Amino acid sequence: MMFTIMVNAQERKFSPEKFNADMEAFITKEANLTPQEAAKLFPLMREMRDKQRPLYDKMHRIGPNKPADDAACKQAITEYDKLNVELRQLESTYHKKMMQQIPASKVFDVLRAEHRFHRQAMKGWRKGRPQ
């Protein structure tokens, strides 16, 4: 019984490597990517996510606590908007790079598949199981 509990506890730990591998497999299947297309696309996606992460971190640090006064709230909103624009510009830049590597129709399918994967993962986490 203890062994089963320990195995279940280990299965619930989040593994970024497994998450990324599962996501890439899902996207490859859903977007019908060839191995050559996947080899061109996923390094760009990883690079984009590595650049997005610090922006998301900054955005999350703005949100948890409401600033004390109106001026600080205004500053927080302005900073959040600036980061959001920077994030969208980064995505746009990488989407253009992706379209130079694979057809735009495939990039479109990839973006939709990535969105579906994240939605499914969130539903799984809400139910107490990873993905």
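Just above, that's the structure.
This write-up is about the structure you can find in this document. As the structure is a prediction and not an experimental result, all values here were calculated from the model.

1. Structural notes on helix α3 (residues 35–62)
And step 1. For α3, which comprises 28 residues, the first-to-last C-alpha distance of 40 Å matches the rise-based estimate of 40 Å (1.5 Å per residue) to within 8%.
And step 2. Taken as a whole, α3 carries its principal kink of about 30 degrees at Q52; the proline P54 stands between one and four residues after it.
And step 3. All of the buried residues in α3 are E37, A38, L41, F42, L44, M45, M48, R49, Q52, L55 and M59.

2. A look at the environment of L83
And step 1. Mapped onto the fold, L83 is located in helix α4 (residues 70–101).
And step 2. The residues contacting L83, other than those within four sequence positions of it, are L55, K58, M59 and I62.

3. Notes on the side chain of Q52
And step 1. On the secondary structure map, Q52 appears in helix α3.
And step 2. The residues touching Q52, leaving out its near neighbours within four places in the chain, are L87, L90 and E91.

4. Remarks on the packing of aromatic side chains
By convention here, two paired aromatic rings are described through the distance between centres and the angle between planes.
And step 1. Under the defined criterion, the tally for this structure stands at 2 aromatic pairs.
And step 2. Plain terms: the ring middles of F19 and F117 are 5.2 Å apart, the flat faces sit at 65 degrees to each other, and that makes the pair edge-to-face. Residue F19 is found in helix α2 (residues 16–30), and its partner F117 is found in helix α5 (residues 104–126); the two are separated by 98 residues along the sequence.
And step 3. For F19, a relative accessible area of 9% corresponds to the buried category.

5. Topic: the nonpolar core
And step 1. In this structure, I27, L33, L41, F42, M45, M98 and V110 are the most contacted members of the largest nonpolar core, which totals 25 residues.
And step 2. Of all the secondary structure elements, the ones that give two or more residues to this core are α2, α3, α4 and α5.
And step 3. Looking at which element gives the most residues to this core, the answer is α3, with 8 residues.
And step 4. The residues contacting M45, other than those within four sequence positions of it, are I27, M98, V110 and E114.

6. As for the pattern of salt bridges
And step 1. Applying the stated rule across the entire model yields 7 salt bridges.
And step 2. For the salt bridge of R53 with D50, the shortest nitrogen-to-oxygen distance reads 3.2 Å. Residue R53 and its partner D50 are both found in helix α3; the two are separated by 3 residues, about one turn of the helix.
And step 3. Given the relative accessible area of 45%, R53 is considered partly exposed.

Procedures and definitions
All residue numbers here refer to positions counted from 1 along the written sequence of the relevant chain. Predicted model: local features are reported for residues with pLDDT of at least 70 only, side-chain atom pairs are reported and counted for 80 or more only, and whole-chain, interface and lining totals are derived from all residues. Side-chain measures were taken over the full set of non-hydrogen atoms in the model, leaving aside hydrogen atoms and water. What counts as a helix is a DSSP run of H or I of at least four residues, what counts as a strand is a run of E of at least two, and both are numbered from the N terminus. Multiplying one less than the number of residues by 1.5 Å gives the expected span of a helix. Axes are fitted to the seven residues ending at a residue and to the seven starting at it; the angle between these axes is taken as the bend at that residue. For each residue, the accessible area found with a 1.4 Å probe, counting protein chains only, is set against the maximum for its type, and the residue is called buried under 20%, exposed over 50%, and partly exposed in between. Whether two residues touch is decided by their heavy atoms; if any such pair falls within 4.5 Å, the residues are in contact. Only Phe, Tyr and Trp rings take part, Trp by its six-membered ring, and two of them pair if their centres are within 6.5 Å. Stacked means planes under 30 degrees apart, edge-to-face means over 60, and tilted covers everything else. Nonpolar cores were defined as sets of buried Ala, Val, Leu, Ile, Met, Phe, Trp, Tyr and Cys residues, with membership established by side-chain atoms within 4.5 Å. The salt bridge criterion pairs a side-chain nitrogen of Lys or Arg with a carboxyl oxygen of Asp or Glu, the two atoms within 4 Å.

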